Amino acid sequence: MLTVGLTGPSGAGKGVVASLFARYGVPSIDTDAVYHDLLVPPSACLDELVARFGESVLTADGRLDRKALAAVVFASGHENDLLDLNRITHRHVLDEARRQLTAYKAQGKAAVLVDAPQLYESGFDTECDYVVAVLAPRDVRLSRIVARDELDEARAAARMDAQKDDDFFRQHADVILMNDGEIHALDVQIQAMLRCWEVLS
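Structural notes, computed from the coordinates. (Residues numbered from 1 in each chain as written. Predicted model: local features only at pLDDT ≥ 70, side-chain atom pairs only at ≥ 80, totals over all residues. Heavy atoms only, no water.)

1. Looking at the nonpolar core
For the record, the criterion: We call a set of buried residues a nonpolar core when its members are Ala, Val, Leu, Ile, Met, Phe, Trp, Tyr or Cys and they connect through side-chain atoms within 4.5 Å of each other. When accessible area is computed with a 1.4 Å probe and restricted to protein chains, residues below 20% of their type maximum are described as buried, those above 50% as exposed, and intermediate ones as partly exposed. Strands are runs of DSSP state E lasting at least 2 residues, helices are runs of H or I lasting at least 4, and numbering of each runs from the N terminus. Note on definitions: a residue-residue contact is assigned when non-hydrogen atoms from the two residues lie within 4.5 Å.
In this structure, Ile29, Leu39, Leu49, Phe53, Leu64, Leu69 and Phe124 are the most contacted members of the largest nonpolar core, which totals 33 residues. Breaking this core down by element, the ones donating at least two residues are helix H2 (31-38), helix H3 (44-53), helix H4 (66-75), helix H5 (79-106), strand E3 (111-115), helix H6 (119-122), strand E4 (130-135) and helix H9 (166-172). Tallying contributions element by element places H5 first for this core, with seven residues. Excluding its chain neighbours within four sequence positions, the residues that come into contact with Leu39 are Cys45, Leu46, Leu49, Leu64 and Arg66. Membership of the second largest hydrophobic core comes to 21 residues, among which are Leu6, Leu113, Val132 and Met193.

Have a look at this one:
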């Protein structure tokens, strides 16, 4: 079974790409969704975050208060806080992703996508047979982020500027998919890729 990492900057449209892969029997593991599920109490991941950052990161009903956690991590100015946050969350998320990959392999899947915005940061790219990066023109990404997250353009642009640029993905990914909104063209690229990998005949 092929393990395919799917990554790219915010607003590039990884979800659309994952849905197109699904048309051809290639399921995806959404690491953002995995992370959210892992934080539902009782949660070993949540317990570890509380042990590291304190109970102030919890809501009154014992769930993670993401804004409070961000305030603790980013307001401190200590690089170790962010490193520890990523170390804890990446480990739990990747353990669950590996568990799901094992289950898909048992089902006889030919390939599985691991949709991971933090693919390189987590180090999981080294466990992938291929890495596919989804890119899109800056103005397209900006409009998608504004519409999706209800941000103004300045805040959306600041979010984009804080992420890795397109050149990073071009240098590190095995395949680049351009997603400017032309779904048919994107679908053709994906079909060609799957035939090259012998997932499609």
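2. Considerations on the layout of surface pockets
As a reminder, the rule being used: The definitions used throughout rest on a 1 Å grid laid over the protein atoms alone, on which a cavity is an enclosed set of points accommodating a 1.4 Å probe that cannot get out and a pocket is an open set flanked by protein within 12 Å on both sides along at least five of seven lines; lining residues are those having an atom within 4 Å of a point. Grid points are joined across faces, edges and corners, and a volume is the space filled by probe spheres set on the points.
Within this model, the largest pocket holds a volume of roughly 1500 Å³. As for the largest pocket, its lining consists of 40 residues, of which Asp32, Tyr35, Pro117, Gln118 and Gln163 are closest to the centre. Secondary structure elements with two or more residues in the lining of the largest pocket: helix H1 (14-23), H2, H4, H5, H6 and helix H7 (138-149). By residue number, the principal contributor to the lining of the largest pocket is H5, which donates seven residues.

3. Topic: the packing of aromatic side chains
Rules: Within 6.5 Å between ring centres, the rings of Phe, Tyr and Trp (the latter by its six-membered ring) count as paired, and their orientation is classed by plane angle as stacked under 30 degrees, edge-to-face over 60, tilted in between. Counting as a charge over the ring demands two things of the Lys NZ or Arg CZ atom: a distance within 6 Å of the ring centre and an angle within 35 degrees of the ring normal.
Under the defined criterion, the tally for this structure stands at three aromatic pairs. Aromatic pair Tyr120 and Phe168: ring centres 5.2 Å apart, planes at 90°, arrangement edge-to-face. Of this pair, Tyr120 sits in helix H6 while Phe168 sits in helix H9, and the two are 48 residues apart along the sequence. An angle of 15° between the planes, with centres 4.5 Å apart, marks the rings of Tyr130 and Trp197 as stacked. In this pair, Tyr130 sits in strand E4 while Trp197 sits in the segment after helix H10 (183-196), placing the two residues 67 residues apart along the sequence. Note on Tyr130: relative accessible area 29%, which makes it partly exposed. The ring of Phe168 has Lys164 sitting right over it, with the charged end atom 5.1 Å from the ring centre.

4. Here we look at the sheet that holds E3
Paired through backbone hydrogen bonds, the strands of a sheet run either parallel or antiparallel to each other. Applied cut-off: Here the rule is simple: two strands pair whenever DSSP picks up at least two bridges between them. Here, axes are lines fitted to C-alpha atoms. For helices the fit covers the stretch in contact, and angles between N-to-C directions go from 0 to 180 degrees.
Pairing is parallel across the open sheet formed by five strands, whose spatial order is E2-E3-E1-E4-E5. For this open sheet the edge positions go to strand E2 (28-30) and strand E5 (175-178), each flanked by a neighbour on one side alone. Along the sheet, successive strands turn relative to each other by an average axial angle of 25°, direction set aside. Pairing analysis gives four bridges linking E4 to E5, with the strands arranged parallel. What sits directly across from Val132, in E5, is Val175.

Keep in mind these numbers describe shape, not what the thing actually does.
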